[in-house]
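# Descriptive analysis of the structure
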Amino acid sequence: MPMQLRIYVPPHPLVAHWLTVARDKNTPVPLFRSAMHEIGRWLTYEAMREWLPVQEVGIETPLGPSAGKIIDPNALLAIVPILRAGLSLLDGCQSLLPTAAIYHLGFVRNEETLESSCYVNRLPEKFAPDTRILITEPMLATGGTIMTTLEMLVERGAEPGLIRIVNVICAPPALQKIDRKFPGIKIYAAAIDETLNEKGWIVPGLGDAGDRTFGT
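Our subject in this report is the structure included herewith. (Residues numbered from 1 in each chain as written. Predicted model: local features only at pLDDT ≥ 70, side-chain atom pairs only at ≥ 80, totals over all residues. Heavy atoms only, no water.)

## A few points about the environment of V203
Basically, it comes down to this: Where helices and strands are cited, they refer to DSSP runs of H or I of at least four residues and of E of at least two residues respectively, numbered from the N terminus. Burial classes: relative accessible area under 20% of the type maximum marks a residue as buried, over 50% as exposed, and values in between as partly exposed (1.4 Å probe, protein chains only). Residues are treated as being in contact if the distance between any of their heavy atoms lies within 4.5 Å.
Considering the arrangement of structural elements, one finds V203 in strand β13 (residues 202-203). According to the relative accessible area criterion, V203 is partly exposed, its value standing at 37%. The spatial distance from the C-alpha of V203 to the C-alpha of P73 is 42 Å, given a sequence separation of 130 residues. Setting aside residues no more than four positions away along its own chain, V203 makes contact with D193, T195 and N197.

Put into structure tokens, the structure is as follows:
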């Protein structure tokens, strides 16, 4: 059976609440940052299900011995925030994955051609094949930036089946591109919007997450 892209939109009231706050154009910058932090944290929580390797251990409780499980301390974890907007989700992700390595990627989009070009690349030359990679990217619209990111990761040894994307809002054009080339990827999003405008922005979306995060 062929692989198929999986997009998870958790039906959680806190995700819905913070998404509404983030969408509102009247939300002030500090509150918008808090909303993105919370969305990043809750979606990362969902993304970690059955993803992190665990070890069975024996411990002593105050009343006697007990069996338990801990996250494998040797697991290789990485977070790849796509600048600038991906930084808005990073704190929430990092609060749950404090030992993960951070590798920044920065892209700028040509608003006429809608093509993106990379201006910051902090990826390692090679990833170990068992590295679990979490990408933070608030908007998956036309799919240009995320496709370039995935291609760069795979070229450096990343295993697509171990890559997950934390995303606030996605749209069909990006999802279709990912599905055609990287069907093993899993995406955790707060919402799927169906429309892009003539400038390639998701509608209703939430605007420019980078500008709103940094108040520019």
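## Overview of the environment of L97
Tracing the sequence through the fold places L97 in the loop between α3 (87-96) and β5 (101-102). Sequence spacing of L97 and L77 is 20 residues, and the spatial spacing of their C-alpha atoms is 8.0 Å. Those residues in contact with L97 that lie beyond four places of it in its chain are T44, M48, L52, L77, I79 and L134.

## Quick notes on the pattern of salt bridges
This is how it is decided: Salt-bridge detection follows one rule: a side-chain nitrogen of Lys or Arg within 4 Å of a carboxyl oxygen of Asp or Glu.
Going through the model one piece at a time under the given rule, you end up with five salt bridges. R41 is the salt-bridge partner of E38, the closest N and O atoms lying 2.8 Å from each other. With E38 and R41 both in helix α2 (residues 29-47) and three residues apart, the pair spans about one turn of that helix. Across the salt bridge formed by R84 and D211, the nearest N and O atoms sit 2.5 Å from each other. Separated by 127 residues along the polypeptide, R84 in the loop between β4 (77-83) and α3 and D211 in helix α6 (residues 209-214) bring together distant segments of the chain.

## Focus on the pairing of strand β11 (residues 186-192)
Let me state the cut-off plainly: A pair of strands is labelled paired if DSSP reports no fewer than 2 bridges between them. A clockwise course of the path from the first strand over the helix to the second, judged with the strands pointing away from the viewer, identifies a crossover as right-handed.
With five of seven residues buried, β11 lies mostly within the body of the structure. Where strand β1 (residues 6-8) and β11 come together, three bridges link them in parallel fashion. Bridge assignment links R6 to a residue of β11, and that residue is K186. For strand β10 (residues 163-170) and β11, the ladder comprises six bridges, and the chain directions are parallel. Bridge assignment links I169 to a residue of β11, and that residue is A191. Taken together, β10, helix α5 (residues 172-181) and β11 constitute a β-α-β crossover, and its handedness is right-handed.

## Some details on the packing of helix α1 (residues 13-23) against α2
Quick reminder of the rule: Inter-axis angles, ranging from 0 to 180 degrees, are taken between N-to-C directions of lines fitted to C-alpha atoms, where helices are fitted over the stretch in contact. Here roughly perpendicular refers to angles of 65 to 115 degrees, roughly parallel to angles under 35, roughly antiparallel to angles over 145, and oblique to all remaining angles. The sense of a crossing depends on the near helix, which, turned anticlockwise from the far helix by less than a right angle, makes the crossing left-handed and, turned clockwise, makes it right-handed. When residues are sorted by character, Ala, Val, Leu, Ile, Met, Phe, Trp, Tyr, Cys and Pro go into the nonpolar class, Asp, Glu, Lys and Arg into the charged class, and all the rest, Gly among them, into the polar class.
Packing of α1 against α2 brings their axes to within 9 Å, and their N-to-C directions diverge by 150°. The angle between α1 and α2 falls in the class roughly antiparallel. Remark: the crossing between α1 and α2 carries left-handed chirality. Across the interface between the two elements, L14, V15, W18, L19, V21 and A22 of α1 pack against L31, F32, S34, A35, M36, E38, I39 and W42 of α2. Each residue belonging to the contact of α1 with α2 can be placed in one class, and the counts come to 12 nonpolar, one polar and one charged.

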